[in-house]
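# Observations on the model geometry
The lines below spell out each chain.
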Amino acid sequence: MMRALFLLYAIWGFNWVVMKTANAYFPPVLFVAFRFLIGAAVMLSVCAWRRIPVPERKYWKWIAATGILQIAVNNVCMQIGMYSLTAVVSVLNYTMPVWMAILAQLFLKERLTLRKIAGIAICIAGLFVLMDIHDLGNMTAVSIVLAGAAAWAASGIILKRHLQDSPPLQYSAWQMVVGSLLLFIVALLVPQPPIHWTTTAAACLLYNGILAAAVGFFLWNYILAHMEAGKAGVAILVVPVVGVVSGILVLGEAFTWHTALGILLVLGGVLLIVKPRRPRLSVVP
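Below you will find a few notes about this structure. (Residues numbered from 1 in each chain as written. Predicted model: local features only at pLDDT ≥ 70, side-chain atom pairs only at ≥ 80, totals over all residues. Heavy atoms only, no water.)

### Observations regarding the overall build of the chain
Each helix and strand in the chain was counted, giving 12 helices and 0 strands. When its helices and strands are written in sequence order, the chain yields α-α-α-α-α-α-α-α-α-α-α-α. Relative to the 2.2 N^0.38 estimate, which gives 19 Å for 285 residues, the radius of gyration of the chain is 19 Å and therefore close to what a compact globule would have. Considering only C-alpha atoms, the chain reaches an extent of 75 × 50 × 35 Å along its principal axes. (Helix = DSSP H or I, 4+ residues; strand = E, 2+ residues; numbered from the N terminus. Rg over C-alpha atoms; globule rule 2.2 N^0.38 Å.)

Okay, here's the thing in structure tokens:
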């Protein structure tokens, strides 16, 4: 499990650098649509190679729901927010664990303990410090991004309740098919700027399609299937930390006191929730 988490941190964390680079070449919605189309093609190829069949009919409504919520709605809401919110989008999108912890309490009977609440609060505070955010900005855009984070969380709850006995590779692939098709429909309805094709643009798209989409979402769904939803949601908050560190190392972004403090807060909050409690020692008279 830890190996899956660390691999996901590396892939999705470095993708912050790749996404920043890709913004110069692609309109947001089309980039995400192509990203998940490539991801779906890769995963369906693996399914064919491993002879994993098409999902049973009973799973399709849940696969469609998670594909719409996790792949399409969350990413479109995030891209819309980027037009006016810049760095705050990343923080707001990673409020997902807050929504997931609440929904897990309601639908999965996972206890929302004081330890979880404290850990989530420390992590979110750490993200605000890490990104040096003092003002949320356009509240309409804020609401849209928060709705996307809630959609991502809802998708995780659906997965835990209704797709647990289906192979993660199988439903991950078809989630991307549903999500990418919906995103292409959005791109057709809303005029998109042209794509500027270069070697760098193609490299960004391949990284996002093969690694960030296919491998990354398979790992996320695998982790979610084998860990409490609330804990998995919080564990994923290490991704922005890796993203910021990648930006410092690769793009030469500044390393400041609030970067260091934010990293410490996020890692401390994650550790508070994910680390198992030590069993209490009982004294035998």
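Read on for the rest.
### Quick word on the nonpolar core
The nonpolar side chains of a soluble globular protein tend to be buried with one another. If you look at the biggest cluster of nonpolar residues, it comprises 80 residues, and the most contacted ones within it are Trp 12, Tyr 94, Leu 183 and Trp 220. Element by element, the count of residues in this core is highest for helix α9 (residues 199–226), at 13 residues. (Core = buried A, V, L, I, M, F, W, Y, C linked by side-chain atoms within 4.5 Å. Buried < 20%, exposed > 50% of the residue type's maximum accessible area, 1.4 Å probe, protein only.)

### Digging into the packing of aromatic side chains
A full pass over the atoms with the stated rule returns 11 aromatic pairs. Ring geometry for Phe 6 versus Tyr 9: centroids 5.8 Å apart, planes at 90°, classification edge-to-face. You can see Phe 6 and its partner Tyr 9 sitting in helix α1 (residues 2–22), 3 residues apart, about one turn around the helix. Look at Tyr 9 and you get buried, because its relative accessible area is 8%. Through a chain of ring-to-ring contacts, the aromatic side chains of Trp 12, Phe 36, Trp 152, Phe 217 and Trp 220 assemble into a single cluster. (Phe/Tyr/Trp six-rings, centres within 6.5 Å; stacked < 30°, edge-to-face > 60°.)

### Some words on helix α2 (residues 28–49)
Compared with the 32 Å implied by 1.5 Å per residue over 22 residues, the 32 Å span of α2 between its first and last C-alpha is a close match. Turning to α2, its buried residues number three or more, namely Pro 28, Val 29, Leu 30, Phe 31, Val 32, Ala 33, Arg 35, Phe 36, Gly 39, Ala 40, Met 43 and Cys 47. Where α2 ends, the next residue or the one after it, Arg 51, has phi of about 60°, a positive value. (Expected span 1.5 Å × (residues − 1).)

### Digging into the pattern of salt bridges
All told, the structure shown has 2 salt bridges when counted by the stated rule. The shortest N-O distance in the salt bridge between Lys 116 and Glu 110 comes to 3.9 Å. Residue classification places Glu 110 among the buried residues on the basis of a relative accessible area of 10%. Two residues, Glu 228 and Lys 116, come together in a salt bridge whose shortest N-O distance is 3.0 Å. Linking Glu 228 in the loop between α9 and α10 (229–235) with Lys 116 in helix α6 (residues 114–130), this pair joins segments that are 112 residues apart in sequence. Glu 228 sits in the partly exposed class, given a relative accessible area of 36%. Judged by its relative accessible area of 10%, Lys 116 falls in the buried class. Within the structure, one salt-bridge network assembled from shared partners comprises Glu 110, Lys 116 and Glu 228. (Salt bridge = Lys/Arg side-chain N within 4 Å of Asp/Glu carboxyl O.)

### Here's the deal with the packing of α1 against α9
For the pair α1 and α9, interaxial distance at closest approach is 9 Å and the crossing angle is 150°. When the interaxial angle is binned, α1 and α9 end up roughly antiparallel. As for how α1 packs across α9, the hand of that crossing is left-handed. Looking at the contact of α1 with α9, its residues break down into 21 nonpolar, 5 polar and no charged. (Axes fitted to C-alpha atoms, helices over the stretch in contact; angles between N-to-C directions. Parallel < 35°, antiparallel > 145°, perpendicular 65-115°, else oblique. Left-handed = near helix turned anticlockwise from the far one by under 90°. Nonpolar A, V, L, I, M, F, W, Y, C, P; charged D, E, K, R; others polar.)

### Some words on the packing of helix α5 (residues 96–108) against helix α7 (residues 139–162)
Viewed as axis vectors pointing N to C, α5 and α7 meet at an angle of 40°, and their least axial separation amounts to 8 Å. Here α5 is positioned oblique relative to α7, judged by the angle of their axes. For the pair α5 and α7, the sense of crossing is right-handed. Along the contact surface, α5 presents Met 96, Trp 99, Met 100, Leu 103, Ala 104, Phe 107 and Leu 108, while α7 presents Leu 146, Ala 149, Ala 150, Trp 152, Ala 153, Ala 154, Gly 156, Ile 157, Lys 160 and Arg 161. Considered class by class, the residues forming the contact of α5 with α7 number 14 nonpolar, 1 polar and 2 charged. (Contact = heavy atoms within 4.5 Å.)

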